[in-house]
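Fold and geometry: a report
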Amino acid sequence: MHLSIIIVNWNTCEVTCNCIQSVYEQTKEFSFEVIVIDNASSDRSVMEINKNFPEVIIIQNKNNLGFASANNQGIEIAKGKYILLLNSDTIVLDNALEKTIQFAESHPEAGLVGCKILNPDKTLQRSCFMHPSLLNMFISTLYLNQLFTNNKFFGRERMTWWDHNDTRYVEAIMGAFMLTRREALNEVGMMDNSFFMYAEETDWCYRFDKAGWKVIFTPDAEIIHLGGQSSKQVKPLMILQLRAGILQFIRKHHNSVYYYAACLITYFWFSVRIVPWLITGLINPSERKKSHQMVKTYFIGSIKSLLGYKSLECKIK
């Protein structure tokens, strides 16, 4: 088996089926298997996948185990020389998987490979970034990364100054598309199950780098990523979960002083967003319901962030 493709699904029946269909349509030149891990979906996902793609291997979880644990379930049974973690809300374009494997074959130093990710309108979706740090957190807290997107310093975390048109080594790639080779995986190990959702891919990239494997972006292959199809179902909770993931990463890889400083910056990250949403709700009646929800979320986050990442965690059932 040349490639094992692992897709985690949670209540995204239609987009997951579209993703699988694109895989079969665009992958003809080598043997592969598709493994779907269903995280206790309440929709018709499993039934529809079984009906339309009987060759797909499906693991059904009784509970939502999160992104890392679900992917690890797929990795455990994967037979491929290469393993691809592919988000359910993606569409594979123009033989992207074959191109990515060809790139990996010509770059034996690559432990993880990411491709060019596009929005549904084919504009660029930034998929490479730096590891979380106090400096990067401070910049995003003050919106400086959004105000100066073309500046290499202020746009450093998401590399917003870069057009993604050339191959380069990066610190981390988005979990929507991550190709790894078997020998690197055997050395580094699977994802950290303690991460429920968010920052698990960053942690994985960090560990590959520490083990001497490169994380590489190639523009040769392209996919479409709809983005947030699962998380938008519980968006307020996912805002808290994202910050929890970042703090968990820092807690794992830095000392306690660094971690507590990160908790304090996270407190300010939530706090500075409360007033703008309050004003939005006052001046725009159509946004009042959303404003109330966001103010509540940011207020809860500001309080909980001082208690650490575990206080922010929101494990969806």
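Residues numbered from 1 in each chain as written. Predicted model: local features only at pLDDT ≥ 70, side-chain atom pairs only at ≥ 80, totals over all residues. Heavy atoms only, no water.

Turning to the overall build of the chain, a few remarks are in order. Each helix and strand in the chain was counted, giving 13 helices and twelve strands. In terms of overall size, the chain behaves like a compact globule, its C-alpha atoms giving a radius of gyration of 20 Å where 317 residues would be expected to give roughly 20 Å. C-alpha extents for the chain along the principal axes are approximately 55 × 40 × 35 Å. Counting across all 317 residues of the chain, residues that qualify as buried make up 56%. Expressed as a percentage of contacts within the chain between residues at least 6 apart in sequence, the contacts between residues at least 24 apart total 79%. (Helix = DSSP H or I, 4+ residues; strand = E, 2+ residues; numbered from the N terminus. Rg over C-alpha atoms; globule rule 2.2 N^0.38 Å. Buried < 20%, exposed > 50% of the residue type's maximum accessible area, 1.4 Å probe, protein only. Contact = heavy atoms within 4.5 Å.)

Using the criterion set out here, one finds nine salt bridges in the structure. One salt bridge connects glutamate 48 with lysine 51, and the closest N-O pair in it is separated by 3.6 Å. Remark: lysine 51 and glutamate 48 occur in helix α2 (residues 45-52); sequence separation between them is three residues, near one turn of the helix. Residue classification places glutamate 48 among the buried residues on the basis of a relative accessible area of 14%. (Salt bridge = Lys/Arg side-chain N within 4 Å of Asp/Glu carboxyl O.)

Here we take up the pairing of strand β3 (residues 57-61). Inspection of the sheet shows strand β2 (residues 32-39) paired to β3 by five bridges, in the parallel sense. Its bridge partner being in β3, valine 36 is matched across the sheet by isoleucine 58. Crossover handedness for the path β2 to α2 to β3: right-handed. (Pairing = 2+ DSSP bridges. Right-handed = clockwise from strand over helix to strand, strands pointing away.)

As a further point, take helix α5 (residues 134-141). When we look at burial in α5, the residues that qualify are Asn136, Met137, Ile139, Ser140 and Thr141. For α5, the elements touching its buried residues are α6 (144-147), α9 (235-253) and α10 (256-271).

Aromatic rings in a pair are described by how distant their centres are and how their planes are angled relative to each other. If you walk through the whole model with that rule in mind, you get twelve aromatic pairs. Judged by centre distance (5.1 Å) and plane angle (80°), the ring pair of tryptophan 162 and phenylalanine 217 falls under edge-to-face. Taken together, the positions of tryptophan 162 in the loop between α6 and β9 (168-169) and phenylalanine 217 in strand β12 (residues 214-225) put the pair 55 residues apart, joining distant regions of the chain. Here tryptophan 162 matches phenylalanine 217 in class, with each residue buried. Grouped by ring-pair contacts, the aromatic residues Tyr24, Phe32 and Phe53 constitute a single cluster. Over the aromatic face of tyrosine 143 sits the side chain of arginine 273, whose NZ or CZ is 4.2 Å from the ring centroid. (Phe/Tyr/Trp six-rings, centres within 6.5 Å; stacked < 30°, edge-to-face > 60°. Lys NZ or Arg CZ within 6 Å of the ring centre and 35° of its normal.)

All right, on to the side chain of threonine 297 then. Inspection of the secondary structure puts threonine 297 in helix α12 (residues 288-304). The exposure class assigned to threonine 297 is buried, which follows from its relative accessible area of 5%.

On to the pairing of β2. By the criterion of burial, β2 is predominantly enclosed, with eight of the eight residues buried. Here β2 shows no split at all, with Phe32, Val34, Val36 and Asp38 on one side and Glu33, Ile35, Ile37 and Asn39 on the other all buried. Where strand β1 (residues 3-9) meets β2, seven bridges bridge the pair, whose relative direction is parallel. Looking across to β2, one finds that isoleucine 7 is bridged to valine 36. Assessed by its sense of winding, the connection that carries the chain from β1 through helix α1 (residues 13-26) to β2 is right-handed.

Overall, the coordinates contain zero disulfides when judged by the stated rule. Considering cysteine sulfurs only, cysteine 17 is the nearest to cysteine 13, which forms no disulfide, with 4.5 Å between them. On the basis of relative accessibility, which here comes to 16%, the residue cysteine 13 falls in the buried class. (Disulfide = S-S within 2.5 Å.)

This part takes up the packing of α1 against α2. At a closest axis distance of 9 Å, the pairing of α1 and α2 adopts a crossing angle of 25°. The angle between α1 and α2 places the two elements in the roughly parallel class. In this structure, the crossing between α1 and α2 has a hand that is right-handed. Contacts between α1 and α2 involve Cys13, Thr16, Cys17 and Ile20 from the former and Ser45, Glu48, Ile49 and Asn52 from the latter. Considering only residue class, the contact of α1 with α2 consists of four nonpolar, three polar and one charged. (Axes fitted to C-alpha atoms, helices over the stretch in contact; angles between N-to-C directions. Parallel < 35°, antiparallel > 145°, perpendicular 65-115°, else oblique. Left-handed = near helix turned anticlockwise from the far one by under 90°. Nonpolar A, V, L, I, M, F, W, Y, C, P; charged D, E, K, R; others polar.)

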